[in-house]
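# Structure at a glance
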2 protein chains.
Amino acid sequence: MKKGVTTLKKLSKILNLSVSTVSRALNDHPDISDETKESVKKLAQSMNYVPNIFAKGFRKSKSNILGVLVPSITHYFHSTILKGILEEASMKGYRVIISESNNDVLQQTEMLNTLTQFGVDGILASLTKKTKNVDSILPVFSKLPVILFDKVSNKIPCTRIITNDEEAAYNVVEHLINIGKKRIAIIKEREFSYNSEKRYTGYLKALKDNNLEIDEKIIISVDDISQQQGKRMTNILLSLKQRPDAIFAITDGAAIGVIQTLKKFNIKIPEEIAVVGFSNNINSTIIEPTLTTVDQPGETLGKTAVKYLIEEIESNTDIVMHKTIELKSSLIIRDSTFRAK
Amino acid sequence: MKKGVTTLKKLSKILNLSVSTVSRALNDHPDISDETKESVKKLAQSMNYVPNIFAKGFRKSKSNILGVLVPSITHYFHSTILKGILEEASMKGYRVIISESNNDVLQQTEMLNTLTQFGVDGILASLTKKTKNVDSILPVFSKLPVILFDKVSNKIPCTRIITNDEEAAYNVVEHLINIGKKRIAIIKEREFSYNSEKRYTGYLKALKDNNLEIDEKIIISVDDISQQQGKRMTNILLSLKQRPDAIFAITDGAAIGVIQTLKKFNIKIPEEIAVVGFSNNINSTIIEPTLTTVDQPGETLGKTAVKYLIEEIESNTDIVMHKTIELKSSLIIRDSTFRAK
DNA sequence: CTGAAAGCGCTTACAG
DNA sequence: CTGAAAGCGCTTACAG
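Rules of the game
- Residues numbered from 1 in each chain as written.
- Chains lettered and ligands numbered in written order.
- Predicted model: local features only at pLDDT ≥ 70, side-chain atom pairs only at ≥ 80, totals over all residues.
- Heavy atoms only, no water.
- Contact = heavy atoms within 4.5 Å.
- Buried area = accessible area lost by both parts, 1.4 Å probe.
- Salt bridge = Lys/Arg side-chain N within 4 Å of Asp/Glu carboxyl O.
- Polar contact = N/O pair within 3.5 Å; in protein donor to acceptor, adjacent residues only side chain to side chain.
- Helix = DSSP H or I, 4+ residues; strand = E, 2+ residues; numbered from the N terminus.
- Nonpolar A, V, L, I, M, F, W, Y, C, P; charged D, E, K, R; others polar.
- Phe/Tyr/Trp six-rings, centres within 6.5 Å; stacked < 30°, edge-to-face > 60°.
- Lys NZ or Arg CZ within 6 Å of the ring centre and 35° of its normal.
- Near = heavy atom within 4 Å.
- Core = buried A, V, L, I, M, F, W, Y, C linked by side-chain atoms within 4.5 Å.
- Buried < 20%, exposed > 50% of the residue type's maximum accessible area, 1.4 Å probe, protein only.
- Axes fitted to C-alpha atoms, helices over the stretch in contact; angles between N-to-C directions.
- Parallel < 35°, antiparallel > 145°, perpendicular 65-115°, else oblique.
- Left-handed = near helix turned anticlockwise from the far one by under 90°.
- Pairing = 2+ DSSP bridges.
- Least-squares fit on C-alpha atoms with pLDDT ≥ 70 in both.
- Domains from an automatic or database assignment.

### Considerations on the interface of chain B and chain A
- Taken together, the contact pairs 47 residues of chain B with 48 residues of chain A.
- Broken down residue by residue, the surface that chain B buries against chain A is led by Phe54, Arg95 and Phe118 of chain B, which jointly contribute 19%.
- Taken together, chain B and chain A are joined by 4 salt bridges.
- Among the salt bridges present, the one from Lys263 of chain B reaches Glu288 of chain A, with a minimum N-O distance of 2.3 Å.
- Counting every contact that joins chain B to chain A gives 9 residue pairs in polar contact (both at pLDDT 80 or more).
- Those elements that provide at least two residues to the side of chain B that touches chain A are α4 (53–60), α5 (76–91), β2 (95–100), α6 (105–117) and α11 (252–264) of chain B.
- Ranked by residue count, the leading element in the side of chain B that touches chain A is α5 of chain B, at 7 residues.
- Classifying every residue of the side of chain B that touches chain A gives 22 nonpolar, 18 polar and 7 charged.

### Description of the packing of aromatic side chains
Residue and element names in this part refer to chain B.
- Within this structure, the stated rule accounts for 5 aromatic pairs over all chains.
- Taking NZ or CZ as reference, Lys188 lies 4.6 Å from the ring centre of Tyr200, over its face.
- The ring of Phe278 carries the charged tip of Arg199 above its face, separated from the ring centre by 3.7 Å.

### Some remarks on the protein's contact with DNA strand C
- Lining the immediate environment of DNA strand C, one finds 27 residues, of which Thr21 and Arg24 of chain A together with Ser23, Tyr49 and Arg59 of chain B sit closest.
- In DNA strand C, atoms within 4 Å of the protein come 54% from sugar and phosphate.
- Note that a phosphate oxygen of DNA strand C is positioned 2.6 Å from one of the side-chain N or O atoms of Ser23 of chain B.
- Between DNA strand C and the protein, one listed contact pairs a phosphate oxygen with a side-chain N or O atom of Tyr49 of chain B at 2.6 Å.
- Going through the elements one at a time, α2 (19–26) and α4 (53–60) of chain A together with α2 (19–26) and α4 of chain B are the ones with two or more residues in the surface near DNA strand C.
- Tallying contributions element by element places α4 of chain B first for the surface near DNA strand C, with 5 residues.
- Across the surface near DNA strand C, the residue classes break down as 9 nonpolar, 11 polar and 7 charged.

### Quick look at the protein's contact with DNA strand D
- Taken together, 27 residues lie near DNA strand D, and Ser23, Tyr49 and Arg59 of chain A together with Thr21 and Arg24 of chain B sit nearest.
- Backbone sugar and phosphate groups make up 53% of those atoms of DNA strand D lying within 4 Å of the protein.
- The side chain of Ser23 of chain A places a nitrogen or oxygen atom 2.6 Å from a phosphate oxygen of DNA strand D.
- Ser18 of chain B is positioned such that a nitrogen or oxygen atom in its backbone is 3.0 Å from a phosphate oxygen of DNA strand D.

### Some details on the nonpolar core
- Among the nonpolar cores identified, the biggest contains 95 residues, and Ile187, Tyr203 and Phe248 of chain A together with Ile187, Tyr203 and Phe248 of chain B are the most heavily contacted of them.
- The leading source of residues in this core is helix α8 (residues 165–178) of chain A, at 7 residues.
- Setting aside anything within four residues of it in sequence, one finds Phe248 of chain A in contact with Ala169, Val172, Val173, Ala185, Ile186, Ile187, Tyr203, Val276, Gly277 and Phe278 of chain A.
- If you look at the next biggest cluster of nonpolar residues, it comprises 50 residues, including Val306 of chain A together with Val70, Leu86 and Ala89 of chain B.

### Comments concerning the packing of helix α1 (residues 8–15) of chain A against helix α3 (residues 34–46) of chain A
All names here are of chain A.
- Following both chains from N to C, one finds α1 and α3 inclined at 120°, their axes separated by 11 Å at the closest point. Between α1 and α3, the crossing angle belongs to the class labelled oblique. For the pair α1 and α3, the crossing hand works out as right-handed. Mapping the contact onto sequence places Leu11, Ile14 and Leu15 in α1 and Ser39, Val40, Leu43 and Ala44 in α3.
- Looking at side-chain class alone, the contact of α1 with α3 contains 6 nonpolar, 1 polar and no charged residues.

### Remarks on the sheet that holds strand β7 (residues 219–222) of chain B
All names here are of chain B.
- With parallel pairing, the 4 strands of this open sheet are ordered in space as β7-β6-β8-β9. If you trace the sheet from one side to the other, it starts and ends with β7 and β9 (274–276), each paired once. Here the strands of the sheet are splayed against their neighbours by 15° on average, with no regard to which way each runs.
- As paired elements, strand β6 (residues 184–189) and β7 share 4 bridges and run parallel to each other. Bridge pairing in β7 places Ile187 opposite Ile220.
- Packing against the sheet, helix α8 (residues 165–178) makes contact with β6, β8 (246–249) and β9, and its axis sits at approximately 165° to β8.
- Strands in contact with helix α9 (residues 194–209) are β6, β7 and β8; relative to β6, the strand with the most contacts, it is inclined by about 160°.

### Structural notes on the relation of the copies chain B and chain A
- Of the two same-sequence chains, chain B is brought onto chain A (RMSD 0.1 Å, axial shift 0.1 Å) by a rotation of 180°. The operation mapping one copy onto its partner corresponds to a two-fold rotation axis. Identified as the residue of chain B closest to the rotation axis by C-alpha distance is Ile97 of chain B, at 2.3 Å.
- Both copies share a contact surface, since 100% of the interface residues of chain B are interface residues in chain A too.

### A word on the pairing of strand β5 (residues 159–163) of chain A
All names here are of chain A.
- With 5 of 5 residues buried, β5 is to be regarded as a mostly interior element.
- Along β5, one buried face is formed by Thr159, Ile161 and Thr163 and the opposite face, lined by Arg160 and Ile162, is buried too.
- Judged from the 3 bridges that link them, strand β4 (residues 146–149) and β5 form a sheet pairing that is parallel. Looking across to β5, one finds that Ile147 is bridged to Thr159.

### A closer look at the pattern of salt bridges
- If you walk through the whole model with that rule in mind, you get 36 salt bridges over all chains.
- Its salt-bridge partner being Asp121 of chain B, residue Lys62 of chain B comes within 3.8 Å of it at the nearest N-O pair. Remark: Asp121 of chain B occurs in the loop between α6 and β3 (122–125) and Lys62 of chain B occurs in the loop between α4 and β1 (65–70); sequence separation between them is 59 residues.
- According to the relative accessible area criterion, Lys62 of chain B is partly exposed, its value standing at 28%.
- Among the charged side chains, a network of salt bridges with common partners joins Asp28, Lys37 and Lys41 of chain A.

### Remarks on the domain arrangement of chain A
- Looking at chain A, the domain boundaries give domain 1 (8–51), domain 2 (63–163 + 298–328) and domain 3 (165–296).
- Put simply, the middle of domain 1 of chain A and the middle of domain 2 of chain A, counted by C-alpha atoms, are 37 Å apart.

Shown next as structure tokens:
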């Protein structure tokens, strides 16, 4: 530690007050006279007094640091969530430690443990896709407040902040029906993906509500959804006797692969086959035709998650009601389903 | 603090040893017998002992936390740098606090100060483009180790980690010359942007070395480089009597705007006008034609920055040699300059 | 309205 | 090889 650092002790000596009084004055304790407060604060200011965060944290066993765990920081949607988290946290006087699980279950467990032992006041986590077994991370949830966002699990008792994937997918399919499509394929993830399942449920529901046939042949599940897989699965769909007239890919990345393959075969988008993605990545306006997709409110999601987490941290009761907050996302219609003339 | 937490005191009581011995055993102090060490470690393990990071940090006035400041976390290149930072830091036993300046000079100063007072051991920062006056952030650099990366300033005495922008730009221009281009335009930022200036210097040098005319009319400077500006500036370039036969945009975003505008006017890329960007964003493979660009080693840059920062933090001398580390980036040739048949 | 004192959990110079 | 004790900078119950 640099010498010359201003401490309560130094201030108290100069002012001929006790350390306790100085501490209380700085913390606006009601017992202290306005006069004293003023003189203390003035001196503190002029001497650039900054409380030692570690002494403080140590004393109160509170760090004012939030831990955040995401699968990958370069994932665009997650980076917008992080933006919201940073902003809200900083407004509330909290700092944010970020870690990545790299979509690896082992790393995820390790990171959660390290965050915990690093003394964060609470954790905001988005799980890896492959998180089937939650046993190894469950203990963390009983040690400190943890809130899950986006990639959540319903095997874990905690507050969850998500977007209305089911409804959004329902709207996607209704939009496709509205533009005259009748044979709507979906490219989704095979299993364990909470979000994919929700979107699939919305898809099924919309088909049923509109009395459209549900055909297993155009319901495609892949292990790891990606642009590559989008391409590959489109080839499969095109090889069917009865081709679909629309393809709903569960992610923008896959939807872009779909478009690229359709273009390769000179299939007219959206006239022959319409395409919809999910997430409104930057890419979705670069691809031609521009991609109809679902815009998810990343920043708002991040901010909301922070609000609920801090509420839990600062609440005095031990009984916490776990809520599931669903934020509205919105359909963005672009050229891949409907071209304005 | 939860009750039931294992502390050194508890361990010492159970083992009938002093707290000091337990502490030393856990820290592998040479004075302690192997026997004692073993039994202490065993018990600590079985009781899930985790050192209180705040007591430790407080005691040693070291937090093992690095502060990172970037203009925007959603910026793709920076998010890859962050990935590298997180990985390297976690390997070295450090955690990372991330903040954004939102490209705002005031927020930048504030964030640097907060990081400092939050007791981070050192800071990694990438400055806002508009950082002309560094007076307000200079004090931070004398308080603790700070390393600048990517968006640096040479008005600040510190270690800098950057990519070889000048050389990379030189290579871009040489590549354009090699494919037969003679009238190469550049779209750059107006001022104060360290990176833009470097790239511009490389551009000028390559033209001179190849005896090509430097024509002010095709050297375009914009305030805030973006896709929009790329479009607008292309319109200007196309309105010239003597059109360029290649456009080098200082960022991928702008280059994409360039391509979109050229396509609007049915100009053949690269035959009539070739286009090059900078950074190798995800977008650069989505746009058609795919974009020739410069790939910058984001993760390596992040890791390197962490290495140098930790070296400074852990060095015992007060005299630190400030270095400037330049990492190699590489030209990625795609369809916007050269189409494989 | 103010102060003296204890204590948060750890490390480490000093002593043996 | 081990222990007693001091102290890091802060907050807060207790006393006046």
